[in-house]
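Residue-level listing of the chains:
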Amino acid sequence: MVLLGLESTCDDTAAALVRARPGAPMGEILGRAARGQRELHAAFGGVVPEIAARAHAERLDTVTAEALADAGLGLDAVDAVAVAAGPGLIGGVLAGVMFAKGLAAARSLPLVGVNHLAGHALTPRLVADLGFPYLVLLVSGGHCQFLAVDGPERFRRLGGTIDDAPGEAFDKVAKLLGLPQPGGPEVEAAAAAGDPGRFDLPRPLLDREGCDLSFSGLKTAARRARDRLTETQGGLTRADRADLCASFQAAVADTLAEKSRRALAAFAAERPGAPLAFAVAGGVAANAAIRAALARVADDAGARFLAPPLALCGDNGAIVAWAAAERLAVRGPDDMSLAARPRWPLDTKAAPMLGAGRKGAKA
């Protein structure tokens, strides 16, 4: 079947057409399109939810038409409409859900609302012949967790961040160093010319057992290092900025590598003798230094390592369409009561780690 996937959970408006056989690994991306919002938020140092929501509402029809044109298909070729129904910035999620409902109703197509995080966690099966179960490190701008993926809707959290996600930390460090947003690629680019050993930054929670992570203290340590330089020499040189970025990136990579080692050991202990597969997914998975560190961990453990192509690391419509195909293998589509959800943990049985407010747990 051919699925149209729609993504609008943060600041990327995206659509894609994916051909898939529900329940079978590997799909074919037929066409895709995306519109970022970097220029809309540049003056604010971060994503403004109201601006993002309006942009999504204005662009969803455009990116859908562009994805169809890229695939060389018309709407008659679409068998189902999939949409990321959460978690995310509620205005953008709502824009996507309402657009998907309208399209599905107008064309009498099945509607599938998927968890945006499930899209990332299932991405390895979109691009590789991978069976269940496998371990995935989902690492993005707002989320960081180790998940045992036992099926299309069966996720078990082995650990996660107790405060900032790595993507948030990258963005905040970029901001305090005067680099543009989104901060992840900017910090990585600056780090390429830096000395990762110049600043002695902490590797948080390595003295604590288990797979939980923390990045708030690391971000604070980077700010203090910047402040010390500013006080002693009146500002930062380009070399200072590069060295601080490199030291920060190395601290994140070392922390994720050690925690991944522990998560893999715990995952392997549950299934002695079985083949191991370890995947990384999410926006931060595009960072080359982090990918390399995680690949070494997998190799040391004798595990197969999978990392999506860079184009599938960030938010995009293809992972939404694929998650819908996986979902349809275990149960049917949604009806028009599908709701937009700002919070939507994958492991519903695990105790909340972040922000269990009035709307429920974030993760």
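Bear in mind the structure is a predicted one, so any value in this text is a computation, not a measurement. (Residues numbered from 1 in each chain as written. Predicted model: local features only at pLDDT ≥ 70, side-chain atom pairs only at ≥ 80, totals over all residues. Heavy atoms only, no water.)

Chemist: I would appreciate a short explanation of the pattern of salt bridges in the present structure.
Modeler: Between side chains of opposite charge, a pair can form as their charged atoms come close. Under the definition given, this model contains 20 salt bridges. Residue arginine 271 pairs with aspartate 150 through a salt bridge whose shortest N-O separation is 3.9 Å. One end of the pair, arginine 271, is in the loop between helix 8 (238–269) and strand 9 (277–281); the other, aspartate 150, is in strand 7 (residues 144–151), with 121 residues separating them in the sequence. The pair formed by arginine 271 and aspartate 150 is uniform in burial state, with each residue classed as buried. Taking the shortest distance from any N to any O, the salt bridge between aspartate 240 and arginine 198 comes out at 2.8 Å. One end of the pair, aspartate 240, is in helix 8; the other, arginine 198, is in the loop between helix 6 (183–191) and helix 7 (216–233), with 42 residues separating them in the sequence. (Salt bridge = Lys/Arg side-chain N within 4 Å of Asp/Glu carboxyl O. Helix = DSSP H or I, 4+ residues; strand = E, 2+ residues; numbered from the N terminus. Buried < 20%, exposed > 50% of the residue type's maximum accessible area, 1.4 Å probe, protein only.)

Chemist: What exactly am I supposed to notice about the nonpolar core here?
Modeler: Side chains of nonpolar character tend, in soluble globular proteins, to be buried together. In this structure, Leu137, Phe248 and Leu256 are the most contacted members of the largest nonpolar core, which totals 51 residues. Elements that contribute at least two residues to this core include exactly strand 6 (134–139), strand 7, helix 5 (166–176), helix 6, helix 7, helix 8, strand 9 and helix 9 (288–301). The biggest single contributor to this core is helix 8, with 12 residues. The contacts of phenylalanine 248, once residues within four sequence positions are left out, are Ala169, Phe170, Val173, Val187, Leu201 and Leu218. (Core = buried A, V, L, I, M, F, W, Y, C linked by side-chain atoms within 4.5 Å. Contact = heavy atoms within 4.5 Å.)

Chemist: Mind showing me how you'd approach the sheet that holds strand 2 (residues 12–19) here?
Modeler: Strand pairing in a sheet takes place through backbone hydrogen bonds and is either antiparallel or parallel in direction. Ordered in space as 3-2-1-4-5, the 5 strands form an open sheet in which the pairing is mixed. What marks the edges here is a single partner per strand, and that holds for strand 3 (28–36) and strand 5 (111–115). Adjacent strand axes in the sheet meet at a mean angle of 20°, parallel and antiparallel pairs treated alike. Across 5 bridges, the pairing between strand 4 (residues 80–86) and strand 5 is parallel. (Pairing = 2+ DSSP bridges. Axes fitted to C-alpha atoms, helices over the stretch in contact; angles between N-to-C directions.)

Chemist: Help me out: how do you make sense of helix 2 (residues 49–71) in this one?
Modeler: It helps to recall that an α-helix has 3.6 residues per turn; residues three or four apart then point in one direction. Counted at 1.5 Å a residue, the expected span for helix 2 with its 23 residues is 33 Å, and the 31 Å between its end C-alpha atoms agrees. At its buried positions, helix 2 is contacted by strand 1 (2–7), strand 2, strand 3, helix 1 (38–41) and helix 3 (90–107). Taken from the residues just after helix 2, glycine 72 is the one with a positive phi, measuring 70°. (Expected span 1.5 Å × (residues − 1).)

Chemist: Looking at this model, I keep getting lost on helix 7. Mind explaining?
Modeler: With 18 residues, helix 7 should cover 26 Å at 1.5 Å per step; its first-to-last C-alpha distance of 26 Å lies within 8% of that length. Listing the buried residues of helix 7 in full gives Leu218, Lys219, Thr220, Ala221, Ala222, Ala225 and Leu229. Glycine 234, located one to two residues past helix 7, shows a positive phi value of around 80°.

Chemist: I tried to follow the sheet that holds strand 10 (residues 304–306) on my own but got confused; where do I start?
Modeler: Strand order in the open sheet formed by 5 strands is 8-7-6-9-10, and the pairing between neighbours is mixed. A strand with exactly one partner marks an edge of an open sheet, and here the two such strands are strand 8 (154–160) and strand 10. Sheet twist, expressed as the average angle between the axes of neighbouring strands with direction ignored, equals 25°. Where strand 6 and strand 9 come together, 4 bridges link them in parallel fashion.

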